[in-house]
Number of protein chains: 2
Amino acid sequence: MNADPREHLTAEERQHWLSVAVRLADVCADAISNTAGQFEVEAKADASLVTSADIAAEEAFREVIAAEFPSHGVLGEEKGLTNPDGDFRWIVDPIDGTAEFARGMPTYGTIIGLWLAGRPLLGVIDHQGLGWRLAGGYGLGLNRNGIPVGCEDQTVGGETVGEVRIGLPSRAGFTRRGDQGHVFDAVNRAYPECRTFHTCFSHSCALVGALDAAVEWAVPIWDLGALEALCEAAGAAYHCVQRAPHPLDPALELYSVVFGRPAIADELAAVVARSLDSGSP
Amino acid sequence: MNADPREHLTAEERQHWLSVAVRLADVCADAISNTAGQFEVEAKADASLVTSADIAAEEAFREVIAAEFPSHGVLGEEKGLTNPDGDFRWIVDPIDGTAEFARGMPTYGTIIGLWLAGRPLLGVIDHQGLGWRLAGGYGLGLNRNGIPVGCEDQTVGGETVGEVRIGLPSRAGFTRRGDQGHVFDAVNRAYPECRTFHTCFSHSCALVGALDAAVEWAVPIWDLGALEALCEAAGAAYHCVQRAPHPLDPALELYSVVFGRPAIADELAAVVARSLDSGSP
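Residues numbered from 1 in each chain as written. Chains lettered and ligands numbered in written order. Predicted model: local features only at pLDDT ≥ 70, side-chain atom pairs only at ≥ 80, totals over all residues. Heavy atoms only, no water.

Asks: Explain the overall build of chain A here, please?
Replies: Broken down by element type, chain A carries eight helices and 15 strands. A globule of 281 residues ought to have a C-alpha radius of gyration of about 19 Å, and chain A, at 18 Å, matches this closely. Looking at chain A as a whole, 59% of its 281 residues are labelled buried. For chain A, the proportion of contacts with a sequence separation of at least 24, taken over those separated by at least 6, is 61%. Just so you have it, chain A exposes about 10,700 Å², and 51% of that area is on carbon and sulfur atoms. Side-chain charges of chain A comprise 20 positive and 39 negative groups, with the mean position of each set lying 3 Å from the other. (Helix = DSSP H or I, 4+ residues; strand = E, 2+ residues; numbered from the N terminus. Rg over C-alpha atoms; globule rule 2.2 N^0.38 Å. Buried < 20%, exposed > 50% of the residue type's maximum accessible area, 1.4 Å probe, protein only. Contact = heavy atoms within 4.5 Å. Areas by Shrake-Rupley, 256 points an atom, 1.4 Å probe, with all protein chains shown as cover. Lys, Arg positive; Asp, Glu negative; His and termini not counted. Charge placed at Lys NZ, Arg CZ, Asp CG, Glu CD.)

Asks: Just checking my understanding: could you explain the side chain of Arg195 of chain A for this structure?
Replies: Mapped onto the fold, Arg195 of chain A is located in strand 12 (residues 195–196). What makes Arg195 of chain A buried here is its relative accessible area of 4%. Once you skip the residues sitting within four places of it in the chain, Arg195 of chain A turns out to touch Arg165, Ile166, Gly167, Leu168 and Leu211 of chain A together with Glu100, Ser170, Thr196 and His198 of chain B.

Asks: Sorry, what's going on with the packing of helix 1 (residues 11–34) of chain A against helix 2 (residues 52–68) of chain A here?
Replies: Two quantities define a packed helix pair, namely the angle between the axes and the distance from one axis to the other. All names here are of chain A. Across the interface, helix 1 lies against helix 2 with an axial gap of 8 Å and an inter-helix angle of 145 degrees. Remark: the crossing between helix 1 and helix 2 carries right-handed chirality. Contacts from Arg23, Leu24, Val27, Cys28, Ala31 and Ile32 in helix 1 reach Ala53, Ala56, Ala57, Ala60, Phe61, Val64, Ile65 and Glu68 in helix 2. By residue class, the composition of the contact of helix 1 with helix 2 is 12 nonpolar, no polar and two charged. (Axes fitted to C-alpha atoms, helices over the stretch in contact; angles between N-to-C directions. Left-handed = near helix turned anticlockwise from the far one by under 90°. Nonpolar A, V, L, I, M, F, W, Y, C, P; charged D, E, K, R; others polar.)

Asks: Would you mind going over the pattern of salt bridges with me for this structure?
Replies: Think of it this way: side chains of opposite charge can pair up when their charged atoms draw near. According to the stated counting rule, one finds 34 salt bridges over all chains in the structure shown. For Asp212 of chain B, the salt bridge identified is with Arg103 of chain A, shortest N-O distance 2.8 Å. Here Asp212 of chain B is found in the loop between helix 6 (199–207) and strand 13 (213–219), whereas its partner Arg103 of chain A is found in helix 3 (residues 98–103) on a different chain. A relative accessible area of 1% means that Asp212 of chain B is categorised as buried. Between Asp185 of chain A and Arg189 of chain B there is a salt bridge, with its nearest N and O atoms 2.9 Å apart. On the criterion of chain membership, the pair formed by Asp185 of chain A in helix 5 (residues 181–190) and Arg189 of chain B in helix 5 (residues 181–190) is interchain, its members lying in two chains. (Salt bridge = Lys/Arg side-chain N within 4 Å of Asp/Glu carboxyl O.)

Asks: Explain the packing of helix 5 of chain B against helix 8 (residues 262–278) of chain B to me, please; I cannot follow it from the model alone.
Replies: Residue and element names in this part refer to chain B. Contact pair helix 5 / helix 8: the axes reach a minimum separation of 9 Å and the direction vectors enclose 140 degrees. When the interaxial angle is binned, helix 5 and helix 8 end up oblique. Handedness of the helix 5/helix 8 crossing: right-handed. Here helix 5 contributes His182, Val183, Ala186, Val187 and Ala190 to the contact with helix 8, which in turn contributes Leu268, Val271, Val272, Ser275 and Leu276. Residue classes in the contact of helix 5 with helix 8 are distributed as eight nonpolar, two polar and no charged. (Parallel < 35°, antiparallel > 145°, perpendicular 65-115°, else oblique.)

Asks: It is not clear to me how the interface of chain B and chain A should be interpreted in this structure. Could you clarify?
Replies: It is common to report an interface's size as the accessible area lost on association of the parts. Between chain B and chain A, the contact holds 38 residues from the first and 39 residues from the second. Remark: the boundary between chain B and chain A carries 10 salt bridges. Linking Arg176 of chain A and Glu193 of chain B is a salt bridge whose minimum nitrogen-to-oxygen distance equals 2.6 Å. Scanning the region where chain B abuts chain A turns up 25 residue pairs in polar contact (both at pLDDT 80 or more). For the side of chain B that touches chain A, the elements supplying multiple residues, two or more each, are helix 3 (98–103), helix 5, strand 12 (194–196) and helix 6 of chain B. Classifying every residue of the side of chain B that touches chain A gives 18 nonpolar, nine polar and 11 charged. (Polar contact = N/O pair within 3.5 Å; in protein donor to acceptor, adjacent residues only side chain to side chain.)

Asks: Before we go on, may I ask you to explain the sheet that holds strand 7 (residues 119–127) of chain B in this structure?
Replies: Sheet strands line up and pair through hydrogen bonds in the backbone, either parallel or antiparallel. Residue and element names in this part refer to chain B. The strand order 4-3-5-6-7-8-9-10 describes an open sheet built from eight strands, whose pairing is mixed. Two strands in the sheet have a free side with no partner beyond their single neighbour: strand 4 (80–82) and strand 10 (147–148). Across seven bridges, strand 5 (residues 88–96) lies against strand 6 (residues 109–116) in antiparallel orientation. Considered in strand 6, the bridge of Ile91 is made with Gly113. Taken strand by strand, helix 2 (residues 52–68) contacts strand 3 (73–76), strand 4, strand 5 and strand 6, and its axis lies near 160 degrees from that of strand 5. Where helix 6 meets the sheet, it contacts strand 5, strand 6, strand 7, strand 8 (132–137) and strand 9 (141–144), and its direction lies at approximately 105 degrees from that of strand 7. (Pairing = 2+ DSSP bridges.)

Asks: Just to check I follow, could you spell out the relation of the copies chain B and chain A for this structure?
Replies: Put simply, the two copies of the chain differ by a rotation about an axis and a shift along that axis. Superposing chain B onto chain A requires a rotation of 180 degrees together with a translation of 0.0 Å along the rotation axis, leaving an RMSD of 0.0 Å. Such a combination of turn and shift is consistent with a two-fold rotation axis. Within chain B, the C-alpha atom positioned nearest to the axis of rotation is that of Thr196 of chain B, 2.2 Å from it. A high fraction, 100%, of the interface residues of chain B reappear at the interface in chain A, so the copies pair face to face through one surface. (Least-squares fit on C-alpha atoms with pLDDT ≥ 70 in both.)

Asks: I would appreciate a short explanation of the nonpolar core in the present structure.
Replies: Nonpolar side chains in soluble globular proteins tend to end up buried together. Leu142, Cys205 and Leu207 of chain A together with Leu142, Cys205 and Leu207 of chain B are the most contacted members of the largest nonpolar core, which has 72 residues in total. Discounting residues that sit within four places of it in the chain, Leu207 of chain B has contacts with Ile125, Leu134, Leu142, Gly150, Cys151, Leu227, Leu230, Cys231 and Ala234 of chain B. Ranked by size, the runner-up nonpolar core spans 42 residues in total, among them Phe184, Cys194, Leu254 and Ala269 of chain B. (Core = buried A, V, L, I, M, F, W, Y, C linked by side-chain atoms within 4.5 Å.)

Asks: How do you make sense of the packing of aromatic side chains when you look at a structure like this?
Replies: Each aromatic ring pair is summarised here by two numbers: the centre-to-centre distance and the angle between the ring planes. Under the counting rule described, the total for this entry stands at 17 aromatic pairs over all chains. Here Trp17 of chain A and Phe69 of chain A contribute two aromatic rings whose centre-to-centre distance is 5.1 Å and whose plane-to-plane angle is 65 degrees, an arrangement assigned as edge-to-face. In this pair, Trp17 of chain A sits in helix 1 while Phe69 of chain A sits in the loop between helix 2 and strand 3 (73–76), placing the two residues 52 residues apart along the sequence. Seen from their ring centres, Phe61 of chain A and Trp90 of chain A are 6.2 Å apart, and the 75 degrees between their planes marks the pair as edge-to-face. Of this pair, Phe61 of chain A sits in helix 2 while Trp90 of chain A sits in strand 5 (residues 88–96), and the two are 29 residues apart along the sequence. Note on accessibility: Phe61 of chain A and Trp90 of chain A belong to one class, buried. One aromatic cluster is present, formed by Trp132, Phe197 and Phe201 of chain A together with Trp132, Phe197 and Phe201 of chain B through successive ring pairs. One Lys or Arg, Arg144 of chain A, reaches over the ring of Trp132 of chain A and ends 4.5 Å from the middle of that ring. (Phe/Tyr/Trp six-rings, centres within 6.5 Å; stacked < 30°, edge-to-face > 60°. Lys NZ or Arg CZ within 6 Å of the ring centre and 35° of its normal.)

As structure tokens, then:
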């Protein structure tokens, strides 16, 4: 008996589901590009942005699942959870980095994850504006545009290139849903070559080793739909360092995670934990 | 008599020089792509990185100037100043963001500026990895890949999209050549949606309005070869807030500047100035 439900799938089955996820990324990309820059921008209740392109992409995604896999659950940023009891659950953020998208920054992306009985099975992060599509999963490795990659790939002889680089959300990410700006400050002091990137760009850069490790702070699960599966596939560490209810919706949990090259991510997680323990400076 | 030497050129002459600058960007891009990812990385005396691609691109650039415009000065990051008395001076950073380039981040770029009698005439920032080429100059406006753009372009009805976004160098940029980390801290507190980007990516994002404004800190002139001319062309503000000799080379000046959408850049410059006045917290 194996306790990991992912072991119950054959390699062929896992590969099949990854090809479905890639097809769903195409569906989202088409819906987004069909807006051709002509989209409406609105602020949501939590002050984050949504555009008509986000909505169109999530609707197109849900139509495919409803037609082909009606028993599967879907949790999407814009339209909530359907089929909560399905063994398979798709998690989708149709445009992660909506403000980047609306401002013409090429770093936004679509995040798609497939979970099986609560375990992360596979994921796709598709940066249409960069031409980067990361795809991978349990027992499938990680590839970018079909070429195998991993979190050691931008090293020279196994050493990091130049100074250690850490990806972080903006300071607002630490203060918007709590008073944890001191964690942002502590990480910037410990690692002076931090970069402040939006969610999925930080994920992708750490997964291919362009960043050594990264922090994600107080985000809902749809921002993390692909990350844990892709970290496992890339040989990256993944640590959840904090779980807390959302201040506006106690039914929604917020996660803070540290991930990246294992030795550096472990050290970074310790810096974050010390800062959390010490409280606001 | 007009005191601005740029007025002595006709519009056709300025356009001609911009087309030369664009051709030089092609020359650098070809030299970089010819390395096809096979380049050597070394640390320089100031701990910044240089690759064989940087050197190849600057040499190719200098060959064109020497053959076609032998009276022109050239100041390059890798090979210093030639023809210091030339009225025309080209300033080139063949790969700005060498560490990004070496790590496979697509945000690096080539910076080319042409100065006339000490005044910025025109500039090109070419992000080969993003497919973004910004070009513009005095009386020529700014374009990206041939399409006119300006620092108001990512606004909706003249309003910024979502929260104000400021681009900043990493905290190391404020501490490497002095003890000014408190300026980094102050800007992050005043503008919680800061992004930490490398030099030329920050320049380009502010020039097209994807950032509202940005700070560049204690950098040599080759990092700023294109910026002032492009700001003028884009209708952006450009403020030099600090000049100081380089700690390792007193003959080399370091510049700190604030630029972007005029109202926001003016306010940001005031935040920076107050932080400088107050000293380290």
